[in-house]
Amino acid sequence: FFSIFTMFSSSMKQSGKRALQTCIRPIATSAYFDMLKDDEGNKYMEVSVNGVAALRLPQINKGAAFTMEERKALHLSGLLPPTVKTMAQQVERCYGTYSQIPTNIQKYQYLRHLQERNEHLYYAFLEAHLSEVMPVIYTPTVGEACQKYSYMFNFSRGLSFSPDNIHKADEIVGEYHLQDIRMIVVTDSSAILGIGDQGYGGMGIPIGKLALYTAAGGVSPFQTCPVTIDVGTGREDLLNDPMYLGVKMPRLKGKPYMEMMEKFVQAVKRNWPKAIIQWEDYSKDVAFEVLHRFRDEISSFNDDIQGTGAVTLAGVIAACQKTGQKLSDQMIVISGAGAGGAGVAWVLREGMIREGLTPEQACARVMVLDSTGLLYHGRERMEAYKLDSAQTPELAKSFAPDGGVPDLLQTIKGSKATCLIGLGGISGQFTEEIVKAVAANCDTPIILPLSNPNANVEAFPEDIVKWTDNRALIACGSPFDDVPLPDGGSVPIGQGNNAFVFPGLGAGAIVVGATKITDNMMMEGGYAVAEYCCQHWPELKRLYPPVSEMRVVGKEVAKRVALQAVKDGVATISDQSDEAVIAAVEESFWEPVYPTVVPRKFGCVL
């Protein structure tokens, strides 16, 4: 039976590829289905499976929403309840169940089960309840899911590479059941959120990120692939855990590590030449090397470096516009010099340069501190990638006359900081003394404790409001409730989440076929978010739009990024007029609507 099934499956793949050549306007193709359009632009799905198999594939399954005609054509009669239900009714039923689940990690597991059962319904549910489920499908709950991955595992998703199979990367990618991949999120799990090395458990991050590419960016889920490159782990507890699902070996480094990344990239280039790669949650030791090694070879970016920079830029720009200032008016202190901190420092300097400062002037207005203290030239124990953010020794000495390395408080006081950004993952680092030191330098301090998850936040919003007499403009990286005020009002606490930028960035780049993700494209995404916030949410204290509007924001980001790609000369779309590019973004935006499902025809679909 197994050999017969294998032969059938192989035949379906080859037949599907032949059929695609004669079908009208293929949208996405799989070994088991094709997404097509008829002459009038109506989408439909041709499938090569029927019966129980059609109910087991989440891309095809509609559950009780299969129409009577579809049930007959796909041999589903008797396999489903007799009443046909609408998607809206299914979403309502799912929400009733979801609302009864007591903990967020159990809700996460429920939604993952839904995703593997009925993908259209899963995204319809996310769209209907995005602000409520965002903390469940991504930060902070996804961090706990990564920690418990080996114990919670039920369904495989995406691709997994390890030293045991990387030599077959080309074959593995070529045989993947989705054949037109445009967006990949890949991790080596070395720096998951603020909780570090999670080994194979880091796979939860690519899965969650790609859910947001679809929910907020309109990228078809049938054109995405989560990937984990398991290079081992540095954690003895995982290596000794009998339930651990990853490779039980010390984490690879140096040449063997980069050779694995190289084999993966080459396999993607050969099989999915239009794919974009997002490098996700790589430790600072390798994040910059991987990004610089491959960004000119394949369209790719690192969200921790570039995406964090873009979304932080959005918040600071919004604060400046709402207070009638410029970015270059700010004196900024960043606590945390990892991949995120370095990316934020770079993008803020570039924003200041756009406003007319020289690179030297911009650098002098963006202070960065690591665990040792302020970065400055000549300081001991400082990695090479930090040099771009280093200050002069003379400036450092003026902050700490005793000759030591300036700490956070000394840097704030010495620089007269007006904006404080936390990216070091040190819970409670922004003490009352620290916050009040920033507030003493200006009327409206900007304070952004952006570390994830919530347990790592540098200061709680209600404390910042109290310590600054409600003068501060505040946003956090994880979700926090608005802060109530004695007069009955409240202070909105926006979420500086990368998901405001990266879904639209990927969507825009896909639409125009960008051959490279340029720095300008990343920055344009940040400016788009800031402008949307200022236009639609002009109240002073709100620095980011509500999460419920993330899908609308994602489309605006996609349009701006796509147009920037054309300006930068990296777009390959045939009609590169502004009107055509914007229309292409609108047309490509995937919606969670059930297509009509029909049996696949091995020939022309007409």
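Residues numbered from 1 in each chain as written. Predicted model: local features only at pLDDT ≥ 70, side-chain atom pairs only at ≥ 80, totals over all residues. Heavy atoms only, no water.

Novice: An account of the pattern of salt bridges is needed here, citing residue identities and associated values.
Specialist: Taken as a whole, this structure holds 32 salt bridges when the rule is applied. Ionic pairing is found between glutamate 383 and lysine 284, a salt bridge with its closest N-O pair at 3.7 Å. One end of the pair, glutamate 383, is in the loop between β10 (366-369) and α18 (393-399); the other, lysine 284, is in helix α14 (residues 284-294), and 99 residues separate them in sequence. What makes glutamate 383 partly exposed here is its relative accessible area of 31%. The class for lysine 284 is partly exposed, based on a relative accessible area of 35%. With a shortest N-O distance of 2.8 Å, lysine 516 and aspartate 296 are connected by a salt bridge. In this pair, lysine 516 sits in the loop between α22 (502-512) and α23 (519-536) while aspartate 296 sits in the loop between α14 and β8 (300-302), placing the two residues 220 residues apart along the sequence. (Salt bridge = Lys/Arg side-chain N within 4 Å of Asp/Glu carboxyl O. Helix = DSSP H or I, 4+ residues; strand = E, 2+ residues; numbered from the N terminus. Buried < 20%, exposed > 50% of the residue type's maximum accessible area, 1.4 Å probe, protein only.)

Novice: So what's going on with empty space enclosed by the protein? Residues and values would help.
Specialist: The final tally for this structure, using the stated rule, is two cavities of 30 Å³ or more. As for the largest cavity, its lining consists of Tyr108, Gln109, Arg112, His113, Ala145, Tyr149, Met152, Phe153, Asn154 and Phe155. Counting residues per element, the ones that place at least two in the lining of the largest cavity are α5 (104-117) and α9 (149-152). The residue makeup of the lining of the largest cavity, split by class, is six nonpolar, three polar and one charged. Lining the second largest cavity are Tyr108, Leu111, Arg112, Gln115, Tyr122, Ile137, Gly204, Ile207, Gly208 and Ala211. Of all elements in the fold, only α5 and α11 (204-217) reach the threshold of two or more residues within the lining of the second largest cavity. Residues belonging to the lining of the second largest cavity are distributed by class as follows: six nonpolar, three polar and one charged. (1 Å grid on protein atoms, 1.4 Å probe; cavity = no way out; pocket = protein on both sides within 12 Å on 5 of 7 lines; lining within 4 Å. Points joined across faces, edges and corners; volume = space filled by probe spheres on them. Nonpolar A, V, L, I, M, F, W, Y, C, P; charged D, E, K, R; others polar.)

Novice: Account for helix α6 (residues 119-128), with residues named and values stated.
Specialist: The element α6 is extensively covered by neighbouring structure, given that eight of its 10 residues are classed as buried. Of the positions making up α6, those classed as buried are Glu119, His120, Leu121, Tyr122, Tyr123, Ala124, Phe125 and Leu126. Contacts from the buried residues of α6 go to β3 (43-47), α4 (87-99), α5, α7 (130-137) and α11. In this structure asparagine 118 caps α6, since a side-chain oxygen of it lies 3.4 Å from the backbone nitrogen of histidine 120. (Contact = heavy atoms within 4.5 Å. Polar contact = N/O pair within 3.5 Å; in protein donor to acceptor, adjacent residues only side chain to side chain.)

Novice: Please give an account of the packing of α5 against α6 that cites residues and values.
Specialist: Running from N to C, α5 and α6 point in directions that differ by 135°, and their axes come no closer than 6 Å. Compared by their axis directions, α5 and α6 come out oblique. Contacts from Leu111, Leu114, Gln115 and Arg117 of α5 reach α6 at Glu119, Leu121, Tyr122, Tyr123 and Phe125. (Axes fitted to C-alpha atoms, helices over the stretch in contact; angles between N-to-C directions. Parallel < 35°, antiparallel > 145°, perpendicular 65-115°, else oblique.)

This is a description of form; function is not addressed.
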